Amino acid sequence: MAQLPKPVQFLIQWFPSGLFGGLAVHSAAAGNIRDALISTLIAAGGSVWASSTKVFMERINAGLNERLICTADKLLIATDTLLGKLRWQLSGFRGKYYNSLIESHYALKTEGFSNMLPVLDLEEVFVPLQVAQPPREVPGGVVTRQPVPPLGNGETPQLWDFLRESRQTRSFRRIAILAPPGFGKTTLLQHITLTYAQKKQSKHKAPKRFPVLIRMRDVRKSLVQSQPPSLPELIRERVQQLRLYKTLEPPEGYFEKLLQEGQCLVMLDGLDEVADVAERQRVSDWVNKQMRQYPQANFVLSSRPHGFEGERLDKVGIVLEVQPFNLEQIRQFVQSWYRQMKIRQRGGRDTPAVRADAEEKAKHLIQALLLNPPMRRLAGNPLLVTMIATVDALGNASPKRRVELLGNALPKRRVELYREICDVLLGRRLDAKQLTLPLTAGQNQNILQVLALALMQKGKTTFELQAVEPLIQEQLEKNNAQTLTPAQWLKGIQDNVGLLVEKTIGIYEFAHLSFQEYLSAVQVKNLKQEQLLVDHFEDPFWAETIRLYAAQSNSNASTLIQYAIHHRTVQTLSLAYDCLEEAPEVTREVRQDLEDILEAGLCSDNPQVAAMAATVKLSRRLNRLLEDDARLAIDLSYLSQAEYQFLIHQGNDSENKFRLEMTSAEAQQRATPLEYDMVLQALTRLNQQKLPSEQQEDGCFYYYRLPTGEELNRYPVNDNQDLGCWTEKDFDRGPQSKGIRIVQEKILKNYETLANYLAAGAWKEADEETRAVMLKVAKREGDHRLDTKSIETFSSEDLRVIDRLWVYHSSGRFGFSVQKRIYEKVGKDFQQFYKCVEWNSVRYIVSAPAGHFPLWMVIKTEENKLHMFGVQELRRQDPRIEVSGIISPVASWLSLSLLSRTDL
């Protein structure tokens, strides 16, 4: 810290008192008493000044230091600016080359969406892509030669992890990255190039390398010549074409030396973009030759799966596939994308207000994606989520601006977003990538629409070429493309557009079911075949297609809604209400009829009408939950009085007597039950309802529970945030006025039998099934028992699933967590616990004491080892065993095992 010199500080401190003290002595000696007195008083004041000068000097020093820091900052800024300007003229070849790379790759580029929004910094919006080994053989018969060792902290690895480990693992020096269209292969390599050019690779702990990024479509012609250039010659040629400097001439032998010494990272992007098969094979041979010639260098190749010539690229050490965005990656991208977009729109102003505006816009888009499962699945594709964000951002622009950017009105509904995506994939993106197909974008979409509708009518999502060949051939002939075979057309769409993919060898499907549904809806509208939708109105497979048909412009959904009104089921009325919300046009009479059923019907004097309306309302809620990656979905609003009262009335033989003693407005209000037991009773009834769900997945089933505190914090409600919400941990909180939010959790089919027994109140069968599934999870079916180690290491996730199923199907009466609370309440005295749960007299009835189930007992064997059995298993082994006589020796063990598990 800067300070005044010590002599200067001393002078300032003592000069006043010293000066006037001397004058006082001088005046007294001269007999001038008056002057002597005045000088003495001033000298005394100077002494006070001297004693307080320390604080004064500290402030002087601080102020001086602040000014010096300010001056230094200005000097540094001026120096940086000057250095930035001089760097372009004074740097050597490598510096100029890095500057050229930064200038070429700093911006996020979305082919087909150029010039629609401000240019965004790639570094600010890039979300690291996760990669994994293919679960199957990749095209060409290549099997990954090198198993992937554990990398990082156990999370899904990134390409940086393999680059870092390439110093020790030679096979990681030759990596092939495969991914379908739009998964961000090119953007990934551009970001790696930019990171190296900015010399920031150290934050990924990656080795220092000289980055070279080459687009294969740009060098195809030179590589298929009879005498193609060597890799050093090709790199030199590409470097000289960088436009930032008039001349960018590397020293002689520069790249040859880097490659031989292993100091180069060569990224060859888009092997699949060499469209001609023969040419692609020659290019692949050339690439393989370069990897063989320069074994020390790092190579990263990118390709769509179909364009990877595995048999020819035998020098590739490992093949990786880019993984779809997960929920957290979608959140991160949308938030970063909107932040940068807003900053650019405000002329580079990065202020709290700008960031708050961006955060609000991102929040709304993320929520919209999560509340719509088909859109959420589309957003797993980086290109598609970028397109969705772009369209959403343009939706906030003025109509005039939208016309300037797009030439037409921005899509306001899902159906129009799908249309925009198809337009980009079938047309504008191909133009940007300089790829051509034999048919126009419109012709290709027409054939895809015919194919999509044919699949819908067969109730299928996959097809073999042979099965649809006549259909495609007929459409090709209608488009005067007789020379184009169905196989060639299919390959062109698969390879270059990406709307069709090869699921397994010879089996094809649309890249997302949403595309099949959307194209089917467009085709039905074009053919005016609305009756086809009426015929399939009760088929859940057609539900989204029907919604998308209703949402199209100039569509009148009245006929569809009338069908539902005359064929009333929970499923048809739920779908009809969706159509009412989506459709641009519905007759006033039909609208009124449906609203009378579903809104006024809640308070109908007819119990069946009231129950139907409440069930439809509840069913629609369950189909609109916010999806999360963690196998669960959560409601963003509170359960209404109508839904809550309907659930409470179930199971009391009162289904035909359900009636709400309240107004329609009161029925729509949030339910705020006071007792935790009543909340669990409502959820128990919900789990017993088996309401139809469109999101049911193979191998899984759903059950419903209360949220945890963490889930509430992560997903706040849309409105009335001051109202509290019941959670799983509120069992001992006493009466409270709180709302109910529902969490839907996906459970493996392994537990469906247990859930069915519990839902039916078959406690004995459920108890035995609990033992069976726990033995299966612990892999001890043959032993018929769980020992100390298997209990202590039992899977937390499985233990929580079993416990929650018991808790929610018993209205909080049974379950391991219930037993644990009782155990802790009695001071962890197992004898007292045993008495409280009354295990001396087993009763398979719902009125059994709290904690009575599941019935697990623990004994010591002859080897003095502790084991845990089900009661029925014990009695099968020895019918003479008395349950009450096997508990006491093991209280200390239980306190350290099941009832002491912290994950209950």
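Just so we're clear, the structure is a prediction, and the values are computed from it rather than from any experiment.

1. A look at the nonpolar core
Grouped together as the largest cluster of nonpolar side chains are 132 residues, with contacts concentrated most on Trp-489 and Ile-561. It is helix 16 (residues 414-432) that contributes the most residues to this core, nine residues altogether. Residues within four places of Trp-489 in sequence aside, it is in contact with Leu-439, Asn-444, Ile-447, Leu-448, Ile-472, Leu-476, Leu-484 and Leu-500.

2. Remarks on the pairing of strand 9 (residues 507-510)
Sheet topology places strand 7 (residues 462-463) next to strand 9; two bridges connect them, and they run antiparallel. Within strand 9, the residue paired with Phe-463 across the bridge is Tyr-508. Inspection of the sheet shows strand 8 (residues 500-504) paired to strand 9 by four bridges, in the antiparallel sense. The residue bridging Val-501 from the neighbouring strand is Glu-509, located in strand 9. In this structure, the hairpin formed by strand 8 and strand 9 is closed by a connection of two residues, where Gly-506 is found at a positive phi of approximately 80 degrees.

3. So, the sheet that holds strand 8
Read from one edge of the open sheet, three strands run 7-9-8, paired in antiparallel fashion. Two strands lie at the open edges of the sheet, namely strand 7 and strand 8, each paired on one side alone. Across the sheet, helix 19 (residues 486-497) is in contact with strand 7, strand 8 and strand 9; its angle to strand 8 comes to roughly 95 degrees.

4. Comments concerning a negative patch on the surface
Together, Glu-589, Asp-593, Asp-596 and Glu-599 make up a region of like negative charge exposed at the surface. Structurally, Glu-589 can be placed in helix 25 (residues 588-598).

5. What about the packing of aromatic side chains?
Aromatic ring pairs are reported here in terms of the distance separating the ring centres and the angle at which the planes meet. Tallied over the full model, the rule gives 26 aromatic pairs. Measuring from ring centre to ring centre gives 5.9 Å for Tyr-823 and Phe-833, while their planes differ by 85 degrees; the resulting arrangement is edge-to-face. Here Tyr-823 is found in helix 35 (residues 816-825), whereas its partner Phe-833 is found in helix 36 (residues 830-837), with ten residues between them in sequence. Residue Phe-833 is classed as buried on the basis of its relative accessible area of 0%. Among the aromatic side chains, those forming a connected cluster through ring pairs are Phe-93, Tyr-97, Tyr-98, Phe-210, Tyr-254 and Phe-255. Lying over the aromatic face of Trp-726, Lys-738 brings its terminal NZ or CZ to 5.7 Å of the ring centre.

6. Section: the sheet that holds strand 10 (residues 626-627)
Across the sheet, which stays open at both edges, the four strands sit in the order 10-11-13-12 with antiparallel pairing between neighbours. Two strands close off the open sheet at either side, each with one partner strand: strand 10 and strand 12 (700-705). In the sheet, strand 11 (residues 632-634) pairs with strand 13 (residues 743-748) via three bridges, with the strands oriented antiparallel. Bridging from a neighbouring strand, Leu-632 pairs with Glu-745 of strand 13.

7. Quick look at the pairing of strand 12
For a regular strand, side-chain orientation follows a simple rule: the groups alternate between the two sheet faces. Across the six residues that make up strand 12, a large majority, six, are buried. Burial along strand 12 is two-sided: the face carrying Cys-700, Tyr-702 and Tyr-704 and the face carrying Phe-701, Tyr-703 and Arg-705 are both buried. Pairing analysis gives six bridges linking strand 12 to strand 13, with the strands arranged antiparallel. Of the residues in strand 13, the one forming a bridge with Tyr-703 is Glu-745.

Calculation criteria
Residues numbered from 1 in each chain as written. Predicted model: local features only at pLDDT ≥ 70, side-chain atom pairs only at ≥ 80, totals over all residues. Heavy atoms only, no water. Core = buried A, V, L, I, M, F, W, Y, C linked by side-chain atoms within 4.5 Å. Buried < 20%, exposed > 50% of the residue type's maximum accessible area, 1.4 Å probe, protein only. Helix = DSSP H or I, 4+ residues; strand = E, 2+ residues; numbered from the N terminus. Contact = heavy atoms within 4.5 Å. Pairing = 2+ DSSP bridges. Axes fitted to C-alpha atoms, helices over the stretch in contact; angles between N-to-C directions. Patch = residues over 30% accessible without salt bridge, like charges linked within 9 Å, V, L, I, M, F, W, Y side chains within 5 Å. Areas by Shrake-Rupley, 256 points an atom, 1.4 Å probe, with all protein chains shown as cover. Salt bridge = Lys/Arg side-chain N within 4 Å of Asp/Glu carboxyl O. Lys, Arg positive; Asp, Glu negative; His and termini not counted. Charge placed at Lys NZ, Arg CZ, Asp CG, Glu CD. Phe/Tyr/Trp six-rings, centres within 6.5 Å; stacked < 30°, edge-to-face > 60°. Lys NZ or Arg CZ within 6 Å of the ring centre and 35° of its normal.

Nothing here speaks to function; it is all geometry.
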